[in-house]
Amino acid sequence: MSSQLRVAQHLLAAFVLLITISTFLGLPRPYPSWPTLGPLPINPELLVPGALGFVALLEPIHQGLNIGSVTIATVGAVTLWLAATSVYTLSASSTGGVFWGGFLTLLSGAVLAGLILVQRVVYRRRQGAA
């Protein structure tokens with residue numbers, strides 16, 4: 001994978017984990033609870049995992065088809081799908097109720113970030129052993 005794409009993937013993974021930790025520990029957020037840009041929601045809980053999911057879809061293209069890249073791409077596709085449907089639900093829905101999309105997107109993004117970081121550690125160990 002190109003170094004720029006790898007750096008972007010790792011930065012997004014770190015941001016997803018940071019957002020996840022701050023959300024689940026109830027730490028103060030440096031942004032409003034429900035930020036919007038006009039009528040569109042721009043929640044970092046949705047957009048950052050979605051961006052990570054998009055970047056993860058490029059994994060098999062650059063790494064080739066192996067179990068790690070296919071797993072990351074699959075979880076990336078699920079994360080991107082959850083983020084896209086959550087943004088759509090927030091922007092198109094006018095009914096009330098409990099919104100679980102942010103929780104599911106953030107949870108899927110955290111799993112994806114963990115997979116990406118574990119894959120990098122395994123790769124580094126293999127390089128060191130070779």
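Summary of the structure given here. The residue numbering used here restarts from 1 in each chain and proceeds along that chain's sequence as written. Local features in this predicted model are restricted to residues of pLDDT 70 or higher, and side-chain atom pairs are both shown and tallied only at a pLDDT of 80 or more, whereas totals for entire chains, interfaces and linings draw on every residue. Hydrogens and water molecules were not included; the side-chain quantities draw on all heavy atoms of the structure.

1. Some words on the packing of helix α2 (residues 44-56) against helix α4 (residues 67-92)
Right, on to step 1. Two numbers describe how α2 lies on α4: the axes approach to 7 Å, and their chain directions differ by 145 degrees. Crossing angle aside, the handedness with which α2 passes α4 is left-handed. Facing Leu 46, Leu 47, Pro 49, Gly 50, Gly 53, Phe 54 and Ala 56 of α2, the residues of α4 in contact are Ile 72, Ala 73, Gly 76, Thr 79, Leu 80, Ala 83, Ser 86, Val 87 and Leu 90.
Right, on to step 2. Residue type decides the class: Asp, Glu, Lys and Arg count as charged, Ala, Val, Leu, Ile, Met, Phe, Trp, Tyr, Cys and Pro as nonpolar, and the leftover types, Gly among them, as polar. Split into classes, the residues belonging to the contact of α2 with α4 amount to 11 nonpolar, 5 polar and no charged. Think of each axis as a best-fit line through the C-alpha atoms, taken over the contacting stretch in the case of a helix, with angles from 0 to 180 degrees between the N-to-C directions. Comment: elements are numbered from the N terminus, with helices defined as DSSP H or I runs of at least four residues and strands as E runs of at least two. Crossings are sorted by hand: turned counterclockwise from the far helix by less than a right angle, the near helix makes the crossing left-handed, and turned clockwise it makes it right-handed. Residue contacts follow a heavy-atom distance rule, with two residues in contact if any of their heavy atoms lie within 4.5 Å.

2. Observations regarding the side chain of Glu 59
Right, on to step 1. Position of Glu 59 among the secondary structure elements: in helix α3 (residues 59-63).
Right, on to step 2. The class of Glu 59 is buried, set by a relative accessible area of 0%.
Right, on to step 3. Among the polar contacts listed, one links the side chain of Glu 59 to the side chain of Gln 9, at a separation of 3.0 Å.
Right, on to step 4. At 3.3 Å, the side chain of Glu 59 forms a polar contact with the side chain of Gln 119. Partly exposed describes any residue whose relative accessible area lies between the buried limit of under 20% and the exposed limit of over 50%, with all areas from a 1.4 Å probe on protein chains only and scaled to the type maximum. The term polar contact refers here to a pair of N or O atoms within 3.5 Å; inside protein, the definition further demands a hydrogen-donor-capable atom paired with an acceptor-capable atom, and it admits residues adjacent in sequence only when both atoms are side-chain atoms.

3. What about the nonpolar core?
Right, on to step 1. We define a nonpolar core as any set of buried Ala, Val, Leu, Ile, Met, Phe, Trp, Tyr and Cys residues linked to one another through side-chain atoms lying within 4.5 Å. Counting residues in hydrophobic clusters, the biggest one holds 15 residues, and the most contacted among them are Leu 52 and Leu 112.
Right, on to step 2. Only α1 (3-24), α2, α4 and α5 (101-129) provide two or more residues apiece to this core.
Right, on to step 3. Contacts of Leu 112, omitting those with residues within four sequence positions, involve Leu 52, Gly 53, Ala 56, Ile 72, Val 75, Gly 76 and Thr 79.

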